[in-house]
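Structural features, examined
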There are 2 protein chains.
Amino acid sequence: MGTTKSQIFTEQQNDLAQLFKVLGHPARVAILQYISHQNACICNDLVEEIGLAQATISQHLKELKGLGLLKGEVEGKRMCYCIDIDRWNSIQNQLNSFFNTTKSNCC
Amino acid sequence: MGTTKSQIFTEQQNDLAQLFKVLGHPARVAILQYISHQNACICNDLVEEIGLAQATISQHLKELKGLGLLKGEVEGKRMCYCIDIDRWNSIQNQLNSFFNTTKSNCC
DNA sequence: TTTTAATATTGCAATATTACGATAATAAAA
DNA sequence: TTTTATTATCGTAATATTGCAATATTAAAA
């Protein structure tokens, strides 16, 4: 037990839940908001800005990268993380499609 | 450790993350989809439909209720769970507002 | 080459989540 | 009133997540 029984759900349901799950942490919400207001991002800024340890920030960035929401570019010894706007839009569409199809049949 | 450091984030960030988090489980996605296609819902149907134990389904329903997404009506010895459409729309708006404000400043 | 700075990875402790059996609670039916 | 059916709650086991210190990695700077 303790493990989500993914095999009993459709791929679409698992994917959608995964999207929500990655966005379901205030640090990751804050990271996305901060990056979007900088037009660029250096990880060390985030450590000061957010107030979590460097290792923790790096871990959260990894999850956002895993979803394809962030793309990282090496700039010397720094990393510049940016939001992948195509992926961003595609995810927004997926979520809206879920909301719209669900509500249209609602009692 | 193991606990999210909510106190370092804004209320808005915590609330938004909480919304995403509750939606971030395939069983809860499946429950919402199933309810919306029934126009009404009896918990026992869900147990058969989803394939998780009754106690587990009841727990997931509780989380969705906690978010205000579901409203339950007692019908004799049954519960009829419905999606609260106002709350549903309000959550969809919150999410879209997050997506739109974030992307508008993106690099 | 050595040092320095930035980021990633590893290992671990603490807490949270998921799932389910057992049981309680509730209300209709017999 | 007793039984039956439905849903909620409790207790617990298994796994996942969060967070951080320590360390590794990488590349520029000295």
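In this report, the structure presented in the accompanying data block is examined. Since this is a predicted model, take the numbers as computed values, not measurements.

Basis of the calculations
Residues numbered from 1 in each chain as written. Chains lettered and ligands numbered in written order. Predicted model: local features only at pLDDT ≥ 70, side-chain atom pairs only at ≥ 80, totals over all residues. Heavy atoms only, no water. Helix = DSSP H or I, 4+ residues; strand = E, 2+ residues; numbered from the N terminus. Buried < 20%, exposed > 50% of the residue type's maximum accessible area, 1.4 Å probe, protein only. Contact = heavy atoms within 4.5 Å. Areas by Shrake-Rupley, 256 points an atom, 1.4 Å probe, with all protein chains shown as cover. Lys, Arg positive; Asp, Glu negative; His and termini not counted. Charge placed at Lys NZ, Arg CZ, Asp CG, Glu CD. Salt bridge = Lys/Arg side-chain N within 4 Å of Asp/Glu carboxyl O. Nonpolar A, V, L, I, M, F, W, Y, C, P; charged D, E, K, R; others polar. Near = heavy atom within 4 Å. Polar contact = N/O pair within 3.5 Å; in protein donor to acceptor, adjacent residues only side chain to side chain. Least-squares fit on C-alpha atoms with pLDDT ≥ 70 in both.

1. Comments concerning the overall build of chain A
When you go through chain A residue by residue, the secondary structure sums to 5 helices and 2 strands. When the elements of chain A are put in sequence order from the N terminus, they spell out α-α-α-α-β-β-α. C-alpha atoms of chain A, sized along the principal axes, occupy 50 × 35 × 20 Å. Across the 107 residues of chain A, 45% fall into the buried class. Across chain A, every contact between residues at least 6 apart in sequence was considered, and the portion connecting residues at least 24 apart equals 48%. Of the roughly 5700 Å² of accessible surface on chain A, a fraction of 45% belongs to carbon and sulfur atoms. The average position of the 10 basic charges and that of the 10 acidic charges among the side chains of chain A differ by 7 Å.

2. Here we look at the pattern of salt bridges
Residue and element names in this part refer to chain A. Counted according to the given criterion, the structure contains 2 salt bridges over all chains. Close ionic contact of Glu63 with Arg28 constitutes a salt bridge, the shortest N to O distance being 3.1 Å. With Glu63 in helix α4 (residues 54-66) and Arg28 in helix α2 (residues 26-38), this residue pair connects regions lying 35 residues apart in the sequence. Of the residues examined, Glu63 reaches a relative accessible area of 37% and is grouped as partly exposed. Looking at Arg28, the relative accessible area reads 7%, which means it is buried.

3. Thoughts on the interface of chain B and chain A
Where the parts come together, the accessible area they lose is often given as the size of the interface. In this assembly, 44 residues from chain B lie in contact with 44 residues from chain A. At the junction of chain B with chain A, the criterion picks out 0 salt bridges. Among the elements of the structure, α1 (11-23), α2 (26-38), β2 (78-83) and α5 (85-104) of chain B are those that each provide at least two residues to the side of chain B that touches chain A. When residues of the side of chain B that touches chain A are assigned to their parent elements, the largest contribution, 12 residues, is made by α5(B). Class assignment for the residues of the side of chain B that touches chain A results in 24 nonpolar, 17 polar and 3 charged.

4. Structural notes on the protein's contact with DNA strand D
Contacts to DNA strand D come from 31 residues, most closely from Gly2(B), Lys5(B), Asn44(B), Gln54(B) and Tyr81(B). Those atoms of DNA strand D that come within 4 Å of the protein belong to sugar or phosphate at a rate of 67%. Within the contact set of DNA strand D, a phosphate oxygen lies 3.3 Å away from a side-chain nitrogen or oxygen of His25(A). Looking at the surface near DNA strand D, the elements with two or more residues in it are α4 of chain A together with α3 (43-50), α4 (54-66) and β2 of chain B. Its residues placed into classes, the surface near DNA strand D shows 10 nonpolar, 13 polar and 8 charged.

5. Comments concerning the relation of the copies chain B and chain A
Superposition of chain B onto chain A requires a rotation of 180° combined with a translation of 0.0 Å along the rotation axis, giving an RMSD of 0.0 Å. Both chain copies can therefore be described as sitting about a two-fold axis. The residues that chain B uses at the interface reappear at the interface of chain A in 100% of cases, marking a shared surface.

Spatial relationships are all this shows, so hold off on functional conclusions.
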